[in-house]
Amino acid sequence: MGGLSRRDFLKASAAAAAFAAAGASAAASLRPKDASASEGDIRWGKAPCRFCGTGCGVLIGVRDGRIVATKGDPQAPVNKGLNCIKGYFLSKILYGTDRLTKPLIRKGDTMVEASWDEAMTLIAGKFKESIDKHGPDSVAMYGSGQWTVFEGYAASKLFKGGIGTNNVEPNARLCMASSVTGFMSTFGGDEPMGCFDDLDLGDTFFLWGANMAECHPVLFSRMIDNRLRNPQVKIIDFATRYTRTSQMADQYVKFNPQTDLALLNAIAHVIIRDKLYDEQFIKDHVVFKRGKENIGYGLEDKFKFADEPKLIGFDEYKAFLKPYTPEYVAKLSSVPAKTIVELAHLYADKSRKVNSLWTMGFNQHTRGTWVNNLAYNVHLLTSKICKPGENPMSLTGQPSACGTTREVGTFTHRLPADMVVMNPEHREKAARIWGIDPKKIPAKPTYNATEMFRALDRGDIKVVWIQVTNPFQSLPNLSRYRKGARKGDGRFIVVSDIYPTRSTELADVILPSACWIEKEGMFGNAERRTQHWFKQIDPPGEARNDLWQTIELAKRLGYGSLFPYTYPEKEIWEEYRKFGEGQGKDLAPYESYTKARGLCWPVVNGKETTYRYVEGFDPYVKAGEGIKFYKNKADHYKAVVWARPYEPAPEVPDRHYPFWLCTGRVLEHWHTGTMTGRVPEIMRANPSAVCEMHPVDAGRLGIKDHQKVKITSRRGTIILPVNLNGRGKAEKGNIFVAFFDEGKLINELCLDAYCPISGEPDYKKCAVKIEKA
């Protein structure tokens, strides 16, 4: 904040926000009301942003077949005209000088241009050869939370309903799988009960492992705007690193890595001890369960785990919490016992509207499912749930991690609308809609994302097609999987992307893809809002959209009958929405989305649902029922409070490797930097990764600011400059490195341990040592 006081800084921020809003309003007044209209020689269209799971609305100005302007859409309910730095530079993500425009085929050590027919003939031939020799499970598709709904649906239908393998996984396994298993195990259905309006209506916000100021800046702006209007608003930032979010919070609560599990149990302990819970709500809406413990970390190839939940009583749950006293947890977490008690009382304060928000700090966790469960516990015990302004919410990091990977079901175990391949009734329903024999869909899941690339390394998977993602930069324990990709012995890798990446460099075939408004699409964001956009410009050269690519493979493999469409996007949508009708996952007809700024499902009789499970908002809750967790039929429409213990991380600092390493994102860049790395202004603002380190640790090791250091884990080494006083500040004993820099593969150091329930890896905790380079 430089020389400004915090109060003056807030005033300046408010003024800037008001100025931005005024500018957006003025822009709107100059533009025809139609969402796709002409203004001079510029034609304006609309689309959701291409980056995170917020789903900001963007207006795109096109002239002569090229984007010449973008601005926030003032009519968009999510961002109301505001964009973040990435959103403001959306026009430039498509125009990097090294854009892929022709198919490329590997010839020895070089890639040579080829026709689409030559490339697709080669790909289909490799698929057929592998399936004939090794069976359907020898081929795989690895996709993305950046797939459109249409693309993800087509991939899942081809592999599960055509080829006959469940070898379909998205990169969302690396970021949102623990959120899915948390929702499913607590409520019986995926995705939140609340919406982004809670940021405007709540007055108490607990952020857990969520640097919203950088990773969800527009949503954070809504929260800050709320606080400027309402002095009662409090923001509490639980984190292991001081960030811009911490700077703007009313309270920064630093804790030791992994001890969030213990902290949430301690908060629940105080709520029970001090009788702050809502006894009637618990009686009417809650059951208690306990599952397996000491469950492992997924470090072994072919790791398998199945939880065994058992019902327990409220008294047994109370007994489970007894060891988690504030004093005991203070020693584990380094959070003072007094602070734990105060925050427990704040959570339970009946006069306050409480929200919990989290992202990768919870989800990328070897006990990710558990820590999601524990956050829900606190809200269920205090009945601060399913009400406008007070809800728990997991924020997503990709534009359609919800809409495509979760709702469409592009994980190995899932089908659309929360259905799973393990359930014969679900397979039969999918088969009816797809017009196939139910036996075609295998009954067993195959590999989560980490296990999929372990299988490629071993040679169990021979052919993998990667679309809209960059796994050979983003996977943990990266060296193993990069080496495995080039072992030969029949392995064949196809990558569809828009730019050269650390994954295309390992490919046998590279296919140039269309991106964003170069094709028609739908995304689903973190508040269950499905948004549509039309194609507005042509892709460069011979690039084609991923939907066309998948259907073309289907035709060449003999499964063209699965895709008998004349207008694929519209017909896929109408087919797909049959899965959710009457299941609380209802979607509107295609035309409804072309006219709206998105709709939050379930959409019943043309009306969206902003709050689920609650009478007066959710059409599935009848008059007089109040709150009903209707997706959880197995527990008589009640939510589950879970007894989940604290368990340590699989790898902790010791005398040989004395520091925690945490990886993550920064404001300017998104994921592996494939798109943001092509924007000159963004690269000038943040050109390369650094090692954030505490000044005390650096001083002890004789390291100065900006000096290069060697960071080493048991898996790899990397050299980076140190940053001691940047906007992000590591706590003592911790370092932080962002993973966007393709020249510095920090994920080579990460451990590929994962949550045994969700299969999501932990990128936030492994042990490293620091030396002068």
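The structure displayed is predicted, hence computed values, not measured ones.

Definitions and limits used
- Per chain, residues are indexed from 1 in the order of the written sequence.
- Whole-chain, interface and lining totals are the exception, using all residues; otherwise, since this is a predicted model, local features are given only for residues with pLDDT of at least 70 and side-chain atom pairs are given and counted only at 80 or more.
- Derived side-chain values reflect all non-hydrogen atoms in the structure, with water molecules and hydrogen atoms excluded from consideration.
- Runs of E in the DSSP output that reach at least two residues are strands. Runs of H or I that reach at least four are helices, and both are numbered from the N terminus.
- As defined in this context, the radius of gyration uses C-alpha atoms, and a globule is described by 2.2 Å times the residue total to the power 0.38.
- Accessibility here uses a 1.4 Å probe with only protein chains present; expressed as a share of the type maximum, an area under 20% marks a residue as buried, one over 50% as exposed, and anything in between as partly exposed.
- Contacts are assigned to residue pairs that have any heavy atoms within 4.5 Å of one another.
- Per-residue and other accessible areas were derived by the Shrake-Rupley procedure at a 1.4 Å probe size, with only the shown protein chains allowed to occlude residues.
- Grid points spaced at 1 Å over the protein atoms alone were grouped into cavities, where a 1.4 Å probe fits but cannot get out, and pockets, open sets with protein on both sides within 12 Å along at least five of seven lines, with lining residues defined by an atom within 4 Å of a point.
- Grid points are joined across faces, edges and corners, and a volume is the space filled by probe spheres set on the points.
- An expected span of 1.5 Å times one less than the residue number is assigned to each helix.
- Pairing of aromatic side chains requires ring centres within 6.5 Å, counting the rings of Phe and Tyr and the six-membered ring of Trp. Pairs whose planes differ by under 30 degrees are stacked, by over 60 edge-to-face, and all others tilted.
- In this scheme, Lys NZ or Arg CZ marks a charge over a ring once it lies within 6 Å of the ring centre and within 35 degrees of the ring normal.
- We define a salt bridge as a contact between a side-chain nitrogen of Lys or Arg and a carboxyl oxygen of Asp or Glu at a distance within 4 Å.
- Angles shown run from 0 to 180 degrees and are taken between the N-to-C directions of axes, each axis being a line fitted to C-alpha atoms and, for helices, limited to the stretch in contact.
- Comment on the angle field: the value is read as roughly parallel under 35 degrees, roughly antiparallel over 145, roughly perpendicular from 65 to 115, and oblique elsewhere.
- Crossing handedness is defined as follows: a turn of the near helix away from the far one that is anticlockwise and smaller than a right angle gives a left-handed crossing, while the clockwise case is right-handed.
- Amino acid classes used here: Ala, Val, Leu, Ile, Met, Phe, Trp, Tyr, Cys and Pro are nonpolar; Asp, Glu, Lys and Arg are charged; the rest, including Gly, are polar.
- Every residue is assigned a pLDDT by the predictor, reflecting its confidence on a scale from 0 to 100.
- Residue ranges for the domains trace back to a domain assignment, done automatically or taken from a database.
- The quantity reported as buried area is the accessible area (1.4 Å probe) lost by two parts once they are put together, taken as the sum for both.
- One requirement defines pairing of two strands: DSSP has to find at least two bridges between them.
- To form a nonpolar core, buried Ala, Val, Leu, Ile, Met, Phe, Trp, Tyr and Cys residues must be joined to one another through side-chain atoms within 4.5 Å.

Asks: Explain the overall build of the protein chain to me, please; I cannot follow it from the model alone.
Replies: When helices and strands are tallied, the protein chain shows 26 helices and 30 strands. Taken over the C-alpha trace, the protein chain has a radius of gyration of 25 Å; the compact-globule value for 773 residues is 28 Å, and the two agree within 12%. In the protein chain, which comprises 773 residues, the proportion classed as buried is 65%. Here the analysis covers contacts within the protein chain between residues at least 6 apart in sequence; of these, 73% occur between residues at least 24 apart. Within the structure as shown, the protein chain displays about 27,000 Å² of accessible surface, and the carbon and sulfur contribution to it stands at 52%.

Asks: Explanation requested: empty space enclosed by the protein in the structure shown.
Replies: Think of a ball as big as a water molecule: rolled over the atoms, this probe shows where empty space is left. Within this structure, the stated rule accounts for seven cavities of 30 Å³ or more. Reported here for the second largest cavity is a volume of approximately 110 Å³. Along the wall of the second largest cavity there are 16 residues; nearest its centre are Cys-52, Thr-54, Cys-56, Cys-84 and Val-218.

Asks: Would you mind showing me how to read helix α8 (residues 217-229) here?
Replies: Side chains that are three or four residues apart share a direction in an α-helix, a result of its 3.6 residues per turn. Its 13 residues give α8 an end-to-end C-alpha distance of 18 Å, which sits within 8% of 18 Å, the value for a rise of 1.5 Å per residue. Inspection of α8 places Pro-217, Val-218, Leu-219, Phe-220, Arg-222, Met-223, Ile-224, Asn-226 and Arg-227 among the buried residues, and these make up the whole buried set.

Asks: Looking at this structure, I do not really get the packing of aromatic side chains. What am I missing?
Replies: The geometry of an aromatic ring pair comes down to the distance between the two centres and the angle between the two planes. On inspection of all chains with the given rule, the structure shows 37 aromatic pairs. Aromatic side chains Tyr-242 and Tyr-252 sit 5.1 Å apart centroid to centroid with 85 degrees between the ring planes, which places their arrangement in the edge-to-face category. Linking Tyr-242 in strand β11 (residues 241-242) with Tyr-252 in strand β12 (residues 251-254), this pair joins segments that are ten residues apart in sequence. If you follow Lys-71 out to its NZ or CZ, it ends over the ring of Trp-44, 4.0 Å from the centre. Cation over ring: Arg-528 sits above Trp-601, and NZ or CZ is 5.7 Å from the ring centre.

Asks: In this structure, what is going on with the pattern of salt bridges? I would like to understand it.
Replies: Oppositely charged side chains are able to pair whenever their charged atoms sit close together. Scanning the entire structure with this criterion turns up 58 salt bridges. The closest approach of N and O atoms between Lys-519 and Glu-151, which form a salt bridge, is 2.7 Å. You can see Lys-519 sitting in the loop between β19 (509-512) and β20 (521-524) and its partner Glu-151 sitting in helix α4 (residues 149-163), a full 368 residues away along the chain. A relative accessible area of 2% means that Glu-151 is categorised as buried.

Asks: Even after reading the chapter, I still don't get helix α19 (residues 449-458), so can you show me in this structure?
Replies: Of all ten residues that make up α19, nine are buried, and the element is covered over most of its length. Here α19 has its buried residues at Ala-449, Thr-450, Glu-451, Met-452, Phe-453, Arg-454, Ala-455, Leu-456 and Asp-457. Looking at the buried residues of α19, the elements they touch are β7 (139-143), β8 (168-170), β17 (463-467), α20 (471-474), α21 (478-485) and β18 (492-497). Trailing α19 by a residue or two, Gly-459 shows a phi angle of about 100 degrees, which is positive.

Asks: What is the right way to look at the packing of α4 against helix α23 (residues 568-576) in this model?
Replies: In helix packing, the relevant descriptors are the interaxial angle and the interaxial distance, both defined with respect to the helix axes. At their nearest, the axes of α4 and α23 sit 10 Å apart, and the two run at 70 degrees to each other. Put simply, α4 runs roughly perpendicular to α23. Helix-helix and strand crossings are classified by hand; for α4 and α23 the assignment is left-handed. Here α4 contributes Val-149, Phe-150, Tyr-153 and Lys-157 to the contact with α23, which in turn contributes Glu-569, Ile-572, Trp-573, Glu-575 and Tyr-576. Looking at the contact of α4 with α23, its residues break down into six nonpolar, no polar and three charged.

Asks: Looking at this model, I keep getting lost on the confidence of the model for the protein chain. Mind explaining?
Replies: As a note on interpretation, predicted positions should not be read in detail where pLDDT is low. In this model, the protein chain carries a mean pLDDT of 95, and residues with pLDDT of at least 70 account for 95%. Below pLDDT 50 for its whole length, residues 1-35 participates in 34 contacts with residues either more than four positions away or in separate chains.

Asks: Quick question: what am I supposed to make of the domain arrangement of the protein chain here?
Replies: Quite often, the size of an interface is put as the accessible area lost when its parts meet. The assigned domain composition of the protein chain is domain 1 (4-93), domain 2 (104-175 + 399-564), domain 3 (177-292 + 304-394 + 638-643) and domain 4 (659-750). Relative to domain 4, the C-alpha centre of domain 2 lies at a distance of 31 Å. Taken together, the contact pairs 18 residues of domain 2 with 15 residues of domain 4. Both faces considered, domain 2 and domain 4 share a buried interface measuring about 1,400 Å² in area, 57% of it formed by carbon and sulfur atoms. A per-residue breakdown of the area domain 2 buries against domain 4 is headed by Gln-473, Tyr-499 and Arg-502, which together make up 36% of the total. Applying the counting criterion to the domain 2 and domain 4 interface returns zero salt bridges.

Asks: Would you mind showing me how to read the sheet that holds strand β14 (residues 310-312) here?
Replies: Within a sheet, neighbouring strands are paired by backbone hydrogen bonds and run either parallel or antiparallel to one another. Spatially, three strands are ordered β14-β13-β23 in an open sheet, and the strand pairing comes out mixed. In this open sheet, the two strands that pair with only one neighbour each are β14 and β23 (639-643). Adjacent strand axes in the sheet meet at a mean angle of 45 degrees, parallel and antiparallel pairs treated alike. The pairing of strand β13 (residues 286-290) with β14 spans three bridges and is antiparallel. Note that in β14 the partner of Phe-288 across the bridge is Ile-312. Lying on the sheet, helix α12 (residues 314-321) is in contact with β13, β14 and β23; it crosses β23 at an angle near 35 degrees. Sitting on the sheet, helix α16 (residues 368-382) touches β13 and β23, and the angle it makes with β23 is about 120 degrees.

Asks: Looking at this structure, I do not really get the packing of helix α13 (residues 326-333) against helix α14 (residues 337-348). What am I missing?
Replies: Relative to each other, α13 and α14 sit at 115 degrees, their axes nearing to 8 Å. The way α13 lies across α14 gives a crossing that is right-handed. Along the contact surface, α13 presents Pro-326, Glu-327, Val-329 and Ala-330, while α14 presents Ala-337, Ile-340 and Val-341. Residue composition of the contact of α13 with α14, grouped by class: six nonpolar, no polar and one charged.

Asks: How should I be thinking about the side chain of His-285 in this particular structure?
Replies: Assignment of secondary structure puts His-285 in helix α11 (residues 279-285). In this structure His-285 comes out as buried when scored by relative accessible area, which is 13%. With residues up to four places along the chain from it excluded, the contact list for His-285 reads Ile-627, Phe-629, Lys-638 and Ala-639.

Asks: Can you help me understand the nonpolar core in this one?
Replies: Nonpolar side chains in soluble globular proteins tend to end up buried together. Residues Phe-187, Trp-208 and Tyr-317 are the most contacted members of the largest nonpolar core, which totals 64 residues. The greatest single-element share of this core, amounting to ten residues, is contributed by helix α10 (residues 260-273). Ignoring any residue separated from it by four or fewer positions in sequence, one finds Phe-187 in contact with Met-193, Tyr-376, Leu-380, Ile-385, Tyr-613, Phe-629, Lys-631, Asn-632 and Ala-639. Counting residues in each nonpolar core, the second largest holds 59 residues, with Ile-105, Tyr-153, Ile-441 and Leu-599 among its members.

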